[in-house]
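The lines below spell out each chain.
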Amino acid sequence: RPLLLLALRASHAPRCTMAMAPDDVEDLKKRLRQHDQMYASMQQQGKPFEALEHLEKGLFVRKELFGPEHPEVGRVCQVFTTSCNTLAMNSLQRDNHMLAYELLKKAEILTSPSGYIGDNKMRMKLRAVTFNNFGCFYKRRGKLHAALQYLAKALKIELTSEEVDNPAGTHLNLCATLSQLGRHGPALEHAQCALELLEAMQDSKEKAEGGGVFGQNNTTDDGSILAIAWHNIAVEQEHLGMLDAALTSYEQAVLVAEREWGAGHIKTLAIKHSLEEAKQKASTRRSPAKPHAGHSAQGVASKAASPLDSILNPATTAPGLKGQGGFRQSAIASKKGPSPLQKGGAKVGIR
């Protein structure tokens, strides 16, 4: 469903209710009540795009009624921006690229310094989420260099702002994108950075909870991402010919995956599948044998055709496309979407 084109500009002078006729003020208040009621109704009916349209119209009315710097305008703007990011990622998963782009562009405008989010820390947090999701968007479209630019912007914000989410997810997105570009050295570095951040968070949580086991009582997003970090490290180590190290990393990924998802979960099975393939490859290298006629001697090439890949990453069947990671999360904002597990680098999305 097409949405209104958002045209918020701080340079536009707001109308002051003191200078407005009483009838105009009452008309604006009536319109605001109608949009708020419709927003709530559409939410209850499970119609998020229709709800977003009324939320946007209500935002315009609030700006007209209260002025752009009013706290209520800022609060509604935060809700609208968050909704834009969430629905953009949902649209991306459904291959509705135009709508996803439009929603992300609105979020980018609203989180700019000229937008209406007065809380700068919250604005920067939402801007990092938006940039990260833009990275996922361009990666899904196969525009890897554009994805890198947006992910680098997101990481810069996350590393300089205290209020943002853990940047581990952005590191993993960068890992996946660099891996697709064949830059496995830098990809490995980003995966290792993500692991260090997640383990530091794990240590902090264990101390705060009196030494409890991370993720023992319930499945946590951070625990799930930890499995992906180990998997990504293993993948990049394998690409770089570090087979022994890759086997150790795959084993760690399996341990975390079994704890977080369960031994029979399809994601866990995918990691186990990768581990077994890596073991076979290592065994072949230690005891080289002549390949049979008609069979490839390249173990890595055969992995791309793993039947689990098509289950975990349905979007990868399209040329040059790869699905958004399930932890954002967008992350980690909007942690929803297709599984991030795929040979050649995994991905966490936004949040």
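What counts and how
Residues numbered from 1 in each chain as written. Predicted model: local features only at pLDDT ≥ 70, side-chain atom pairs only at ≥ 80, totals over all residues. Heavy atoms only, no water. Helix = DSSP H or I, 4+ residues; strand = E, 2+ residues; numbered from the N terminus. Expected span 1.5 Å × (residues − 1). Buried < 20%, exposed > 50% of the residue type's maximum accessible area, 1.4 Å probe, protein only. Contact = heavy atoms within 4.5 Å. pLDDT = per-residue confidence, 0-100. Axes fitted to C-alpha atoms, helices over the stretch in contact; angles between N-to-C directions. Parallel < 35°, antiparallel > 145°, perpendicular 65-115°, else oblique. Left-handed = near helix turned anticlockwise from the far one by under 90°. Salt bridge = Lys/Arg side-chain N within 4 Å of Asp/Glu carboxyl O. Nonpolar A, V, L, I, M, F, W, Y, C, P; charged D, E, K, R; others polar. Phe/Tyr/Trp six-rings, centres within 6.5 Å; stacked < 30°, edge-to-face > 60°. Lys NZ or Arg CZ within 6 Å of the ring centre and 35° of its normal.

*Asks:* I would appreciate a short explanation of helix α4 (residues 97-110) in the present structure.
*Replies:* The periodicity of an α-helix, 3.6 residues per turn, causes residues three or four places apart in sequence to face the same way. Along its 14 residues, α4 runs 20 Å from first to last C-alpha, staying within 8% of the 20 Å computed at 1.5 Å per residue. Counted residue by residue, α4 has 10 buried out of 14 residues, so it is predominantly covered. Taken together, the buried positions of α4 are occupied by His97, Leu99, Ala100, Glu102, Leu103, Leu104, Lys106, Ala107, Glu108 and Leu110. On its buried side, α4 packs onto α2 (48-66), α3 (71-93), α5 (120-140) and α6 (144-160).

*Asks:* I tried to follow the confidence of the model for the chain on my own but got confused; where do I start?
*Replies:* Caution applies to low-pLDDT regions: their predicted coordinates should not be interpreted in detail. Overall, the predicted model of the chain reaches an average pLDDT of 79, with 72% of residues at or above 70. Across the chain, element-level confidence peaks in α4 with a mean pLDDT of 97 and bottoms out in helix α13 (residues 307-312) with 37. Scored below 50 in pLDDT, residues 1-15 makes 43 contacts in the model with residues more than four places away or belonging to other chains. In the model, residues 293-351 has pLDDT below 50 throughout and makes 204 contacts with residues more than four positions away in sequence or in other chains.

*Asks:* I would appreciate a short explanation of unusual backbone geometry in the present structure.
*Replies:* Outside of glycine, negative phi angles account for most residues, and trans bonds account for most peptide bonds. Residues other than glycine seldom take positive phi values, yet Asp95 does so here, at roughly 60 degrees. Structurally, Asp95 can be placed in the loop between α3 and α4.

*Asks:* Can you help me understand the side chain of His54 in this one?
*Replies:* The residue His54 is located in helix α2 in this model. Apart from residues lying up to four places away in sequence, His54 is in contact with His35, Met38, Tyr39 and Met42.

*Asks:* Whenever I open this one, the packing of α5 against helix α7 (residues 168-180) confuses me. Can you help?
*Replies:* Two quantities define a packed helix pair, namely the angle between the helix axes and the distance between the axes. In the contact formed by α5 and α7, the axes pass within 11 Å of each other and the chain directions differ by 20 degrees. Relative to α7, the element α5 is oriented roughly parallel. By crossing handedness, the relation of α5 to α7 is classed as left-handed. Between α5, through Asn132, Cys136 and Lys139, and α7, the contact on the second element is made entirely by Thr170, Asn173, Ala176, Thr177 and Gln180.

*Asks:* Just to check I follow, could you spell out the pattern of salt bridges for this structure?
*Replies:* Where charged atoms from two side chains of opposite charge come close, those side chains can pair. The tally for this structure, following the rule as stated, stands at 11 salt bridges. Across the salt bridge formed by Asp36 and Arg62, the nearest N and O atoms sit 2.8 Å from each other. Separated by 26 residues along the polypeptide, Asp36 in helix α1 (residues 22-44) and Arg62 in helix α2 bring together distant segments of the chain. Judged by relative accessible area, Arg62 falls into the buried class, the value being 7%. Asp95 serves as the salt-bridge partner of Arg140, at 2.9 Å between the closest nitrogen and oxygen.

*Asks:* What am I meant to see in the packing of α3 against α4 here?
*Replies:* Contact geometry for α3 and α4: axes closest at 8 Å, N-to-C directions at 155 degrees. In this view, α3 runs roughly antiparallel relative to α4, as classed from their interaxial angle. When you trace α3 past α4, the crossing you get is left-handed. Residues Cys77, Phe80, Thr81, Cys84, Asn85, Leu87, Ala88, Met89, Ser91 and Leu92 of α3 form the contact with α4, whose own contacting residues are His97, Leu99, Ala100, Leu103, Leu104, Lys106, Ala107 and Leu110. Among the residues forming the contact of α3 with α4, the class breakdown is 13 nonpolar, four polar and one charged.

*Asks:* Mind showing me how you'd approach the packing of aromatic side chains here?
*Replies:* How two aromatic rings sit relative to each other is set out by the distance from centre to centre and by the angle between their planes. Within this structure, the stated rule accounts for eight aromatic pairs. Both rings, one in Phe134 and one in Tyr150, keep their centres 4.6 Å apart while their planes meet at 25 degrees; by these two values the pair is stacked. Of this pair, Phe134 sits in helix α5 while Tyr150 sits in helix α6, and the two are 16 residues apart along the sequence. Residues Phe134 and Tyr150 agree in their burial class; the two are buried. Ring geometry for Phe137 and Tyr138: centres 5.1 Å apart, planes at 80 degrees, overall edge-to-face. Members of the aromatic cluster, each reached through a chain of ring pairs, are Tyr101, Phe131, Phe134, Phe137, Tyr138 and Tyr150. Residue placement shows Lys153 over the ring face of Phe131; its charged tip is 5.5 Å from the ring centre.

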